[in-house]
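Residue strings, one per chain:
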Amino acid sequence: MIKLVASDLDGTLILNEYNKNDIDPQMFDIIRELHKRGIHFAAASGRQYANLRNVFAPVADEIDYICENGALVVYNGEIVFRDEINRKEGQDLMARIMAIPQAEVLLSGVDTCYIAPKTKEYYERVAVNLQNVTEVVDDILATEEPYLKISMFHPDGISDELHEYFDKLCNDGTYTNLTCALGGRQWLDFFHKDVHKGTALKILEEKLGVGSENTMVFGDNENDVGLMQEAAYSYCMASGNPKTKEKAKFICESVPEVLNEYLSRK
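Residues numbered from 1 in each chain as written. Predicted model: local features only at pLDDT ≥ 70, side-chain atom pairs only at ≥ 80, totals over all residues. Heavy atoms only, no water.

### Some points on the sheet that holds strand E11 (residues 187-192)
Quick note on the threshold: Note: two strands are recorded as paired if DSSP finds a minimum of 2 bridges between them. Secondary structure follows DSSP: runs of H or I at least 4 residues long count as helices, runs of E at least 2 residues long count as strands, and numbering of each begins at the N terminus. Note on definitions: angles span 0 to 180 degrees between N-to-C directions of axes, and those axes are lines fitted to C-alpha atoms, for helices only across the stretch in contact.
The mixed open sheet is built from six strands, whose spatial order is E8-E7-E6-E9-E11-E10. At either margin of the open sheet sits one strand with a lone partner, and together these are strand E8 (134-136) and strand E10 (178-184). The average angle at which neighbouring strand axes cross in this sheet is 25 degrees, direction not considered. Across five bridges, the pairing between strand E6 (residues 104-108) and strand E9 (residues 149-153) is antiparallel. Among the inter-strand pairings, leucine 107 is bridged to a residue of E9, identified as isoleucine 150.

### Regarding helix H6 (residues 197-208)
Definition in use: To estimate how far a helix should reach, multiply one less than its number of residues by 1.5 Å. The rule is simple: take the accessible area with a 1.4 Å probe, protein chains only, and divide by the maximum for that residue type; under 20% is buried, over 50% is exposed, in between is partly exposed.
Across its 12 residues, H6 extends 16 Å between first and last C-alpha, which sits within 8% of the 16 Å expected from 1.5 Å per residue. Inspection of H6 places Lys197, Gly198, Ala200, Leu201, Ile203, Leu204, Glu205 and Leu208 among the buried residues, and these make up the whole buried set. Positive backbone phi, at 70 degrees, marks glycine 209, one or two positions downstream of H6.

### Some remarks on the packing of helix H3 (residues 87-98) against helix H5 (residues 160-171)
To keep it simple, the criterion reads: Throughout, the term roughly parallel applies to angles under 35 degrees, roughly antiparallel to angles over 145, roughly perpendicular to angles from 65 to 115, and oblique to all others. A crossing counts as left-handed when the near helix is turned anticlockwise from the far one by less than a right angle, and as right-handed when that turn is clockwise. Whether two residues touch is decided by their heavy atoms; if any such pair falls within 4.5 Å, the residues are in contact. Only Asp, Glu, Lys and Arg are considered charged, only Ala, Val, Leu, Ile, Met, Phe, Trp, Tyr, Cys and Pro nonpolar, and every remaining residue, Gly among them, polar.
Between H3 and H5, the shortest axis-to-axis distance is 13 Å and the interhelical angle comes to 160 degrees. Between H3 and H5, the angle falls in the class roughly antiparallel. Classified by chirality, the crossing of H5 by H3 is right-handed. Every residue of H5 that contacts H3 at Leu93, Arg96 and Ile97 is listed here: Tyr165, Phe166 and Leu169. Partitioning the contact of H3 with H5 into residue classes produces five nonpolar, no polar and one charged.

Okay, structure coming up:
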């Protein structure tokens with residue numbers, strides 16, 4: 001019996017590349033029905049907490065949150081886990097990203113994200129399209145708040161060369177505490193090696209007294225691999241990353257479709 005459902009957003013619940021907050025409205029009814037049946041729902045995303053509450057506004061107080069790729073976990077309205085990236089490594093990483101032409105940095109804190117945009121288009125993408133709580137700074141390296149997550153954005157997409165370059169830095173001893181994973185076609189996310197969506201999901205399972213055998217998850221990209229490995233019922237989107245598909249038990253086209261089919265059988 002399923003007792004916990006956790007789902008990624010971008011590329012999973014949100015399939016419209018141009019409307020980054022467009023969740024199928026039926027998901028809210030599905031979440032309410034899950035809630036009635038004693039099944040918990042958690043948003044599991046690389047996004048910030050404030051952004052997720054906005055996206056899930058109709059049911060915001062009825063769900064739990066895995067934010068910033070697992071660096072922040074909110075259960076029953078309270079922060080139950082928060083991780084921090086080593087400041088020295090984070091600053092070196094951000095300096096490397098900013099040195100790449102067209103590449104942009106997004107630094108995540110608990111309540112806001114920080115950007116020092118090279119272009120107006122990047123500001124609009126983060127603050128307007130994504131609707132992140134955003135603070136624009138002149139020097140992102142001078143930001144004093146602890147670093148939860150660092151992301152690189154590239155308007156032309158994350159090339160294999162860029163991915164391989166930063167992956168090597170995370171594995172050759174340059175960054176001893178960091179790992180990286182694709183968070184979308186244009187995003188590469190950096191977070192603590194031992195912290196990801198899967199470890200955050202386990203924290204929620206423990207809080208709820210739920211085992212992995214009672215957990216269902218949905219995702220599509222590299223930063224969802226931890227979810228696939230933790231849950232017994234793991235679904236990757238048909239359009240998802242090959243690495244994520246390899247770890248998933250099932251492939252699907254639609255999250256609402258899978259959940260409606262499950263609920264209809266109960």
